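# Remarks on the overall topology
These are the residues of each chain, in order.
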Amino acid sequence: MTSEMSPTGEKPLLLTPGPLTTAHATRKAMLQDFGARDSVFIEMTRSIRERLLILAGATETHTCVPLQGSGTFAVEAMLGTLVPRVGSLVLVLVNGAYGRRMVEILSRLDRSYLVYETEETMPPIPAYIEHLLTHQKDITHVAMVHCETTTGILNPVEQISHIVARHGRIFLLDSISAFGALPLDLQTIPFTALAASAGKCLEGVPGLAFVLCKRTALQKSAGQAHAISLDLEAQWTAMEKNGQWRFTPPTHVVAALSTALKQFYTAGGQPARLARYTANCRILIEGMKALGFVPLLPAALQSPIIVTFHIHTSHNFIFEKFYNHMRLHGYVLYAGKLARTESFRVGCIGAIEPQDIACMIAKAYDVLQEMNVLPE
Ligand SMILES: *Cc1c(COP(=O)(O)O)cnc(C)c1O
């Protein structure tokens with residue numbers, strides 16, 4: 001396997017929705033062992049929780065509850081802890097796999113729900129949600145995905161969150177693929193709880209997720225969770241007592257996130273991260289269009305997180321072959337997940353720079369020529 005150096009780092013470059021390419025310093029932070037009850041580690045956990053809350057402007061009213069596991073663990077913990085078994089009805093907005101996953105979780109947990117599903121290329125319509133909340137008084141919660149990673153579509157979270165707040169309902173957000181990159185502040189997006197993870201736009205490594213949650217909502221949910229290990233209220237209460245994790249913490253992952261957050265702030269925080277991802281996304285779309293690929297989404301709906309492309313129209317194009325060749329050159333692309341269209345995805349997030357994308361495009365040109373997809 002060839003391992004060329006990219007202008008900014010090492011290969012492979014993961015142009016995927018996660019795990020992502022991480023900075024060398026982030027990986028290096030994991031070369032040390034920490035005791036779970038060690039004061040250094042306790043301080044690290046405290047400081048991460050604080051920094052994540054500050055990032056969302058939510059220090060006054062919310063708390064940050066970290067959780068072992070991938071993003072889905074946090075979503076499942078958020079739904080299981082905050083949605084009562086009796087007397088609740090969750091309106092779930094679905095336009096992709098992650099919205100559907102929330103429905104699956106609620107169904108498994110035996111919580112009542114109502115689905116408002118739109119096409120994968122269509123955002124939910126805020127006016128319709130306004131209508132539903134006005135007429136269906138039994139809806140208690142609204143759950144949605146910020147950036148639906150299935151396509152890369154950016155959902156109208158800001159508008160919807162305000163409608164939900166105005167109607168006095170509880171707003172639960174899966175911001176896993178957006179947190180850290182897209183602007184997200186409690187003032188502009190009033191959320192009751194939000195799930196995110198270390199290994200996406202914060203550029204930590206996978207293995208740790210977290211929920212930013214209104215403290216009063218957590219207090220009310222004691223004993224409500226369906227699972228001991230996914231009980232956010234219990235995790236919070238235990239952590240507030242002595243700063244320690246309830247069960248064995250992913251110490252190396254915590255150390256990596258701490259270092260990743262330091263780099264995040266040094267580089268200019270969320271606005272800088274958004275600017276870099278936006279530049280990545282722009283170069284990606286321009287370059288891929290020049291190679292004959294058509295993006296699935298119109299520009300107005302496209303988030304700078306991940307881009308879905310239609311399969312190339314040339315008969316010589318076979319995605320598996322293209323994927324394998326690109327992989328040999330150190331670029332890991334991602335298969336599509338669409339219900340109806342043949343597609344594939346390329347991520348814009350992670351420790352990658354616009355030059356990396358430009359090099360990837362140049363390599364894709366060579367590979368497509370070898371495959372007789374592009375004329376000599
Ligand atoms: C990545 C992601 C998740 C969590 O997926 P895991 O595989 O559990 O990390 C949830 N929602 C969205 C929108 C995501 O992009």
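A quick note: this is a predicted structure, and the numbers were derived from the prediction, not measured.

Attention now goes to the overall build of the chain. Secondary structure summary: the chain contains 12 helices and 14 strands in total. Against the globule reference of 21 Å for 376 residues, the chain gives a C-alpha radius of gyration of 21 Å, in line with a compact fold. The dimensions of the chain, computed from C-alpha atoms along their principal axes, are 65 × 55 × 35 Å. Counting the 376 residues in the chain, one finds 58% classified as buried.

Attention now goes to the sheet that holds strand E4 (residues 113-117). The mixed open sheet is built from seven strands, whose spatial order is E2-E10-E9-E8-E5-E3-E4. Looking at strand neighbours, the two that pair on one side only are strand E2 (62-68) and E4, the edges of this open sheet. When the angles between neighbouring strand axes are averaged without regard to direction, this sheet yields 20°. Pairing analysis gives five bridges linking strand E3 (residues 90-94) to E4, with the strands arranged parallel. The partner of Val94 across the bridge, within E4, is Glu117. Those strands touched by helix H3 (residues 71-82) are E2, strand E5 (141-145), strand E8 (170-174), strand E9 (193-197) and strand E10 (208-214), and its axis lies near 160° from that of E9.

Another aspect to go through is helix H8 (residues 232-242). Taken residue by residue, H8 has Leu232, Glu233, Gln235, Trp236, Ala238 and Met239 as its buried positions. The inward-facing, buried residues of H8 contact helix H2 (39-55), E2, H3, E10 and helix H7 (215-220). With a side-chain oxygen lying 3.1 Å from the backbone nitrogen of Glu233, the N-terminal cap of H8 falls on Asp231. A positive backbone phi angle near 75° is found at Gly243, which sits one or two residues after H8.

Let us now look at the environment of Arg27. With respect to the element layout, Arg27 can be found in helix H1 (residues 24-28). Of the residues examined, Arg27 reaches a relative accessible area of 33% and is grouped as partly exposed. A C-alpha to C-alpha distance of 24 Å links Arg27 and Ala275, two positions 248 residues apart in sequence. Filtering out sequence-adjacent residues up to four positions away, Arg27 remains in contact with Glu10 and Thr22.

Our focus in this paragraph is the pattern of salt bridges. Counted according to the given criterion, the structure contains eight salt bridges. Glu43 is the salt-bridge partner of Arg46, the closest N and O atoms lying 2.9 Å from each other. Placement of both Arg46 and Glu43 in helix H2 is noted, with a separation of three residues, approximately one turn of the helix. Take Arg46: its relative accessible area is 39%, and that puts it in the partly exposed class. Given the relative accessible area of 39%, Glu43 is considered partly exposed. Two residues, Arg46 and Glu50, come together in a salt bridge whose shortest N-O distance is 3.2 Å. Of this pair, Arg46 and Glu50 both sit in helix H2, four residues apart, roughly one helical turn. A residue is classified by how much of its surface remains accessible, and Glu50, at 37% relative accessible area, is partly exposed.

All right, on to the sheet that holds strand E14 (residues 343-347) then. Sheet strands associate in pairs through backbone hydrogen bonding, adopting either a parallel or an antiparallel arrangement. Strand order across the open sheet formed by three strands is E11-E14-E13, with antiparallel pairing between neighbours. Where the open sheet ends on each side, the last strands, each with one partner, are strand E11 (306-310) and strand E13 (334-335). Sheet strands touched by helix H10 (residues 269-290): E11 and E14. Its angle to E11, the strand with the most contacts, is close to 10°.

Conventions adopted
Residues numbered from 1 in each chain as written. Predicted model: local features only at pLDDT ≥ 70, side-chain atom pairs only at ≥ 80, totals over all residues. Heavy atoms only, no water. Helix = DSSP H or I, 4+ residues; strand = E, 2+ residues; numbered from the N terminus. Rg over C-alpha atoms; globule rule 2.2 N^0.38 Å. Buried < 20%, exposed > 50% of the residue type's maximum accessible area, 1.4 Å probe, protein only. Pairing = 2+ DSSP bridges. Axes fitted to C-alpha atoms, helices over the stretch in contact; angles between N-to-C directions. Contact = heavy atoms within 4.5 Å. Polar contact = N/O pair within 3.5 Å; in protein donor to acceptor, adjacent residues only side chain to side chain. Salt bridge = Lys/Arg side-chain N within 4 Å of Asp/Glu carboxyl O.

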